[in-house]
Amino acid sequence: MLNRFTAVTGIAQILRAQGFSTLLPQTDVSVLHSNGPSTVLNSKYQEGKDTLSTLCISKGCPGDPHPQSDNSSFALGQDSESEPALSFPPPSLQCYIHPSPLRFPSQAHRPGQLKQYYLLNAASLLPVLALQVKDGEKVLDLCSAPGGKALAIMQSASPALLCCNEPDLHRRDWLAKTLESFLPHSLKSRVIVSAQDGRSFGQREAGLYDKVLVDAPCSNDRSWLYSCNSQQGEQRLKERARLPSLQAQLLRSALLAVCPGGTVVYSTCTLSSFENFSVVETVLKDFPEAEAEDLWEEIAIPLSKYFTFSSNPGHGQTTQEATLKTQDASVSFYRHRLGILVVPQLGKSWGPMFLARIRTRK
């Protein structure tokens, strides 16, 4: 994912030369000023080590489902003297993908210098696309660390306010460092980092936000699905028994924080129906003024070339649709509206990623 707040022409040229292609329609980055080619990259997981990616790896879900919280907040800060001398291009989510897994060198955090792009699992962009942030809106990223989706929001729009909430101190420092590495000092009044407990955030700031993203802590199938660590897998399975309660609390809090007519997107990186569809279904029973929206035709069908989607296997749907480009009439709207799930598949190694969009009535 390219960073529109710094020069990227050289990077884009290198990526295209190496066989990368764009995931989404975008503005032509060749019109931007360039400081020349660069080979520096950022890893979401580690600094100073290579990271397996296809350029566009995932939010690591916290191990502790109940992190300690304080209620402080602080603004993004950065050395403005190191910002590139160019005007910011229009918002455009510029993501390059490669058909094969590749390794890229990561770039260490350097105060005052903006990184040119960010490595992430391409499926992590889908909740941001579903959120449909518009310029001038107030946006809450309720479980923001390590910050990839917050960056994607700032690449795709110019919100009046983006509140990035993370109660865990270590993860909050990680989040702040990520934002500092990609966003210019001039945005410090519009991008803030909050340390509130996400479960009670909505009660404290009820109805203040136009859009809310809940990228909830989960059993994180993505992290161990591709590893040989059986102990980690066993730990994730144990967490599944207690995580749905936390996830439901966070989603309820988000629905309280959003204004009438606003939008909440709930997402996880797990395959578990208990943490995905069931959480959405349970919470909707408590909010009669809220309604889940169908994302199948908006996201699943147009992006079927890159992702394998499933629609609510927990309610009788198989994990693989017979076809995506021509939707089967027998697939019910009810199943679609509870959310869609990106299922990892050989040759399409993106995900897992679940996302559901809920809109409140005005």
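Only a predicted model underlies this, so the values are computations on that prediction, with no experimental measurement involved.

(A) Seen up close, the overall build of the protein. Of the regular secondary structure elements, the protein holds 11 helices and 14 strands. On the protein, roughly 14,600 Å² of surface is accessible, and the fraction owed to carbon and sulfur atoms is 53%.

(B) Structural detail: the UniProt feature "active site" (unreviewed entry) in the protein. Under the UniProt annotation, the feature "active site" (unreviewed entry) is placed at Cys269. Considering the arrangement of structural elements, one finds Cys269 in the loop between strand S10 (258-268) and helix H9 (277-284). We classify Cys269 as buried; its relative accessible area is 4%.

(C) The UniProt feature "binding site: S-adenosyl-L-methionine" (unreviewed entry) in the protein, seen in detail. As recorded in UniProt, the feature "binding site: S-adenosyl-L-methionine" (unreviewed entry) lies at Cys143, Ser144, Ala145, Pro146, Gly147, Gly148, Lys149, Glu166, Asp197 and Asp215. Summarising the element assignment, Ala145 is placed in the loop between strand S6 (138-141) and helix H3 (148-156). As for its placement among the helices and strands, Gly148 is situated in helix H3. A residue is classified by how much of its surface remains accessible, and Gly148, at 2% relative accessible area, is buried.

(D) Quick look at the packing of helix H8 (residues 243-257) against H9. Taken N-terminus to C-terminus, the directions of H8 and H9 make an angle of 50°; their axes are 9 Å apart at the nearest point. Judged on the interaxial angle alone, H9 and H8 are oblique. Where H8 crosses over H9, the handedness of that crossing is right-handed. Of the residues in H9, those in contact with Pro244, Gln247, Ala248, Leu251, Arg252 and Leu255 of H8 are Val279, Val280, Thr282 and Val283. Split into classes, the residues belonging to the contact of H8 with H9 amount to seven nonpolar, two polar and one charged.

(E) Inspection of H8 at higher detail. Given a rise of 1.5 Å per residue, 15 residues ought to cover 21 Å, and the 21 Å separating the end C-alpha atoms of H8 matches this to within 8%. In terms of burial, H8 is a largely internal element, 11 of the 15 residues being buried. All of the buried residues along H8 are Leu243, Pro244, Leu246, Gln247, Ala248, Leu250, Leu251, Ser253, Ala254, Leu255 and Ala257.

(F) Summary view of the packing of aromatic side chains. Counted by the stated rule, this structure contains seven aromatic pairs. On the basis of an interplanar angle of 80° and a centroid distance of 5.4 Å, the ring pair of Tyr118 and Phe182 is categorised as edge-to-face. Of the two residues, Tyr118 sits in the loop between strand S5 (102-104) and helix H2 (126-131) while Phe182 sits in helix H4 (residues 169-182), which places them 64 residues apart along the sequence. Here Tyr118 matches Phe182 in class, with each residue buried. Here Phe307 and Phe309 contribute two aromatic rings whose centre-to-centre distance is 5.9 Å and whose plane-to-plane angle is 65°, an arrangement assigned as edge-to-face. One exposure class covers both Phe307 and Phe309, and it is buried.

(G) Structural view of the pattern of salt bridges. In total, this model carries eight salt bridges according to the counting rule given. Put simply, Asp197 and Arg199 hold a salt bridge, and the shortest N to O gap is 2.7 Å. Across the pair Asp286 and Arg252 runs a salt bridge, and its minimum N-O distance is 2.9 Å. Remark: Arg252 occurs in helix H8 and Asp286 occurs in the loop between H9 and strand S11 (290-293); sequence separation between them is 34 residues. Here the residues in one salt-bridge network are Glu293, Glu298, Arg357 and Arg359, joined through shared partners.

(H) Fine view of unusual backbone geometry. Cis peptide bonds are those with omega within 30 degrees of zero, and the linkage from Ala145 to Pro146 qualifies with 5°. Note on placement: Pro146 falls in the loop between S6 and H3. The residue after Gly351, namely Pro352, is reached through a cis peptide bond having omega 5°. When you line up the elements, Pro352 lands in the loop between strand S13 (340-342) and strand S14 (353-360).

Reading guide: rules and limits
Residues numbered from 1 in each chain as written. Predicted model: local features only at pLDDT ≥ 70, side-chain atom pairs only at ≥ 80, totals over all residues. Heavy atoms only, no water. Helix = DSSP H or I, 4+ residues; strand = E, 2+ residues; numbered from the N terminus. Areas by Shrake-Rupley, 256 points an atom, 1.4 Å probe, with all protein chains shown as cover. UniProt positions renumbered as here; feature names shortened; annotations may be inferred. Buried < 20%, exposed > 50% of the residue type's maximum accessible area, 1.4 Å probe, protein only. Axes fitted to C-alpha atoms, helices over the stretch in contact; angles between N-to-C directions. Parallel < 35°, antiparallel > 145°, perpendicular 65-115°, else oblique. Left-handed = near helix turned anticlockwise from the far one by under 90°. Contact = heavy atoms within 4.5 Å. Nonpolar A, V, L, I, M, F, W, Y, C, P; charged D, E, K, R; others polar. Expected span 1.5 Å × (residues − 1). Phe/Tyr/Trp six-rings, centres within 6.5 Å; stacked < 30°, edge-to-face > 60°. Salt bridge = Lys/Arg side-chain N within 4 Å of Asp/Glu carboxyl O.

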